Amino acid sequence: MVYRVYVEKKEGQRHEADSLLREIRSFLQIQAESVRVLNRYDVQLIEKDMFDTAVGTVFSEPQVDDVTFTAPQGGVVFAVEPLPGQFDQRADSAAQCIQIISQGERPLVRTAKVYVLTGELTADEIAAIRKYVINPVECREASLEKPETLVMQYEIPQ
């Protein structure tokens, strides 16, 4: 089973989102109302009680983070994930921490950054923001749907 959690900095701690909003307004000249940035974690090969423990110890810091298990709503929502084969430091660190805590096998962890844009944005402005946020050399737009499995399936070349 794949478990999913969304982690967002609390009000006053949202430096990454505030910085991105300033960049969108100054560099792109787009008057977005607000930007939210959430870290999304998908985890597999882990027991439910260990996942619940990891939510408050590995994936978030309760003092500065808000945690939710439902996808953000409202505005324009899109997610960005590392390309397949690209090293994901956040996912690797989370998997290592869970393995240390559980004293068991290392779980599969996939991460993505979820962006929520609000304001009266045109399709061209949304496309410009996506292009600004997504570096095609190292990441791609991710699906917002929860996958059935995190196991990568590859065809073996002939």
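Cut-off values and rules
Residues numbered from 1 in each chain as written. Predicted model: local features only at pLDDT ≥ 70, side-chain atom pairs only at ≥ 80, totals over all residues. Heavy atoms only, no water. Pairing = 2+ DSSP bridges. Helix = DSSP H or I, 4+ residues; strand = E, 2+ residues; numbered from the N terminus. Axes fitted to C-alpha atoms, helices over the stretch in contact; angles between N-to-C directions. Contact = heavy atoms within 4.5 Å. Parallel < 35°, antiparallel > 145°, perpendicular 65-115°, else oblique. Left-handed = near helix turned anticlockwise from the far one by under 90°. Nonpolar A, V, L, I, M, F, W, Y, C, P; charged D, E, K, R; others polar. Buried < 20%, exposed > 50% of the residue type's maximum accessible area, 1.4 Å probe, protein only. Polar contact = N/O pair within 3.5 Å; in protein donor to acceptor, adjacent residues only side chain to side chain. Core = buried A, V, L, I, M, F, W, Y, C linked by side-chain atoms within 4.5 Å.

Caption draft 1: Structural context of the sheet that holds strand 2 (residues 34–44). What the 6 strands build is an open sheet, ordered 3-1-2-5-4-6; its pairing is antiparallel. On the outer flanks of this sheet lie strand 3 (65–68) and strand 6 (139–142), each paired with one strand and no other. The average undirected angle you get between the axes of adjacent strands in this sheet is 30°. Here strand 1 (residues 3–9) pairs with strand 2 via 6 bridges, running antiparallel. From the neighbouring strand, Val-7 faces strand 2, where its bridge partner is Asn-39. In the packing of helix 1 (residues 15–26) onto the sheet, contacts are made with strand 2 and strand 5 (108–118), and the angle to strand 2 comes to roughly 130°. In this fold helix 4 (residues 123–133) packs onto strand 4 (76–82), strand 5 and strand 6, with an angle of close to 20° to the strand it touches most, strand 4.

Caption draft 2: Spotlight on the packing of helix 2 (residues 48–59) against helix 3 (residues 89–102). Packing of helix 2 against helix 3 brings their axes to within 10 Å, and their N-to-C directions diverge by 125°. Taken together, helix 2 and helix 3 sit at an angle that is classed as oblique. For helix 2 against helix 3, the interelement crossing comes out right-handed. Within the contact between the two elements, helix 2 uses Met-50, Ala-54, Thr-57, Val-58 and Phe-59 and helix 3 uses Ala-94, Cys-97, Ile-98, Ile-101 and Ser-102. Across the contact of helix 2 with helix 3, the residue classes break down as 8 nonpolar, 2 polar and no charged.

Caption draft 3: Structural detail: the environment of Thr-70. Along the chain, the position of Thr-70 falls in the loop between strand 3 and strand 4. Overall, the relative accessible area of 52% leaves Thr-70 in the exposed class. Here the alpha-carbon distance between Thr-70 and Tyr-132, two residues 62 residues apart in the chain, equals 26 Å. A distance of 3.2 Å separates a polar atom in the side chain of Thr-70 from a polar atom in the side chain of Thr-68.

Caption draft 4: Local environment of the nonpolar core. Of all hydrophobic cores here, the largest spans 19 residues; its most connected members are Ile-24 and Leu-117. Going through the elements one at a time, helix 1, strand 2, strand 4, strand 5 and helix 4 are the ones with two or more residues in this core. Tallying contributions element by element places helix 1 first for this core, with 4 residues. Ile-46, Met-50, Phe-51 and Ala-54 belong to the second-largest nonpolar core, a separate cluster that totals 16 residues.

Caption draft 5: Highlighting the environment of Tyr-41. Note that Tyr-41 resides in strand 2. Measuring from C-alpha to C-alpha, the distance between Tyr-41 and Arg-110 comes to 5.9 Å, with 69 residues separating the pair along the chain. In this structure Tyr-41 touches Tyr-3, Arg-4, Val-5, Val-7, Phe-59, Arg-90, Val-109, Arg-110 and Thr-111, once residues within four positions along its chain are discounted. Looking at Tyr-41, its side chain comes within polar contact range of the side chain of Arg-90, at 3.2 Å.

Caption draft 6: Spatial organisation of the environment of Val-109. Along the chain, Val-109 turns up in strand 5. Along the primary structure Val-109 and Arg-90 are separated by 19 residues, whereas in three dimensions their C-alpha atoms are 9.0 Å apart.

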